[in-house]
Amino acid sequence: DVKVTQSSRYLVKRTGEKVFLECVQDMDHENMFWYRQDPGLGLRLIYFSYDVKMKEKGDIPEGYSVSREKKERFSLILESASTNQTSMYLCASSPRVPRAFFGQGTRLTVV
Amino acid sequence: AQKITQTQPGMFVQEKEAVTLDCTYDTSDQSYGLFWYKQPSSGEMIFLIYQGSYDEQNATEGRYSLNFQKARKSTNLVISASQLGDSAMYFCAMTRRRNDMRFGAGTRLTVKP
């Protein structure tokens, strides 16, 4: 079974902190994604990566950056967390034949 | 930019009846893929069904089928013989050339006994 693991299930951070959300997949997938999920807005694409060191902005990249130094790991970075970044964050990976496999999600609260 | 629209925030269906969840999309690409995912209250995202833009037949997977109308840019999910366990959020999604995947806002389906 494909496994996509997010480093934390719940996270509470203070405004202005630098926050790292980590995601690891074990199936050698080329593509990895970060989304945030908010009620009524569905899943919005923050960034995605189609290869090591390659990344593309999604629809809401402002306030976020990403890193993909190894194929299996895709990190989402909040440079200076703000309260409007309180959300559920979902990581996903997919092979070239597209079908995304999702992690369990990280519920981030910024206080 | 591509856009995926799910116009039904919430739907109700009687157990054992069929229900159709609507999804329209907007893209200028000729090659794309369309997906539906289910998210129960547990929060996990469960893949249901996939349709490629060049597939001539509508996709089916058990009780799930797609009503894919390419000219109208719509891909509606049909769930036959609804079960109580079908109560969940349902998301429509699309991928394009770089395999970026974007989702609609979702439809909350409630199956009534």
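Check the entry above for the structure.
Conventions and cut-offs
- Residues numbered from 1 in each chain as written.
- Chains lettered and ligands numbered in written order.
- Predicted model: local features only at pLDDT ≥ 70, side-chain atom pairs only at ≥ 80, totals over all residues.
- Heavy atoms only, no water.
- Disulfide = S-S within 2.5 Å.
- Helix = DSSP H or I, 4+ residues; strand = E, 2+ residues; numbered from the N terminus.
- Buried < 20%, exposed > 50% of the residue type's maximum accessible area, 1.4 Å probe, protein only.
- Phe/Tyr/Trp six-rings, centres within 6.5 Å; stacked < 30°, edge-to-face > 60°.
- 1 Å grid on protein atoms, 1.4 Å probe; cavity = no way out; pocket = protein on both sides within 12 Å on 5 of 7 lines; lining within 4 Å.
- Points joined across faces, edges and corners; volume = space filled by probe spheres on them.

Caption draft 1: Structural detail: the state of the cysteines. By the definition in use, this model includes 2 disulfides over all chains. The disulfide partner of A:C23 is A:C91, and the S-S distance across this bridge is 1.9 Å. Here the S-S torsion is close to -80°, and the disulfide linking A:C23 with A:C91 is therefore left-handed. Of this pair, A:C23 sits in strand β3 (residues 19-25) while A:C91 sits in strand β9 (residues 87-94), and the two are 68 residues apart along the sequence. Summarising the burial analysis for this pair, A:C23 and A:C91 share the class buried. Note that B:C23 is cross-linked by a disulfide to B:C92, the S-S spacing being 2.0 Å. Here the disulfide of B:C23 and B:C92 is left-handed, its torsion about the S-S bond being about -70°. In this pair, B:C23 sits in the loop between β3 (19-21) and β4 (24-26) while B:C92 sits in strand β10 (residues 88-95), placing the two residues 69 residues apart along the sequence. Each member of the pair, B:C23 together with B:C92, is buried.

Caption draft 2: Seen up close, the packing of aromatic side chains. Enumeration over the complete set of coordinates arrives at 14 aromatic pairs over all chains. Linked through ring pairs, A:F33, A:Y35, A:F48, A:F102, B:F35, B:Y37, B:F47, B:Y50, B:F91 and B:F103 together constitute an aromatic cluster.

Caption draft 3: Highlighting the layout of surface pockets. Of the volumes computed, that of the largest pocket is approximately 410 Å³. In terms of lining residues, the largest pocket is bounded by 22 residues, among which A:Q37, A:R107, B:Q39, B:M89 and B:R108 are the most central. The set of elements that each furnish at least two residues to the lining of the largest pocket consists of β4 (31-38) and β9 of chain A together with β10 and β12 (107-112) of chain B. A total of 3 residues in the lining of the largest pocket trace back to one element, the largest contributor, which is β10(B).

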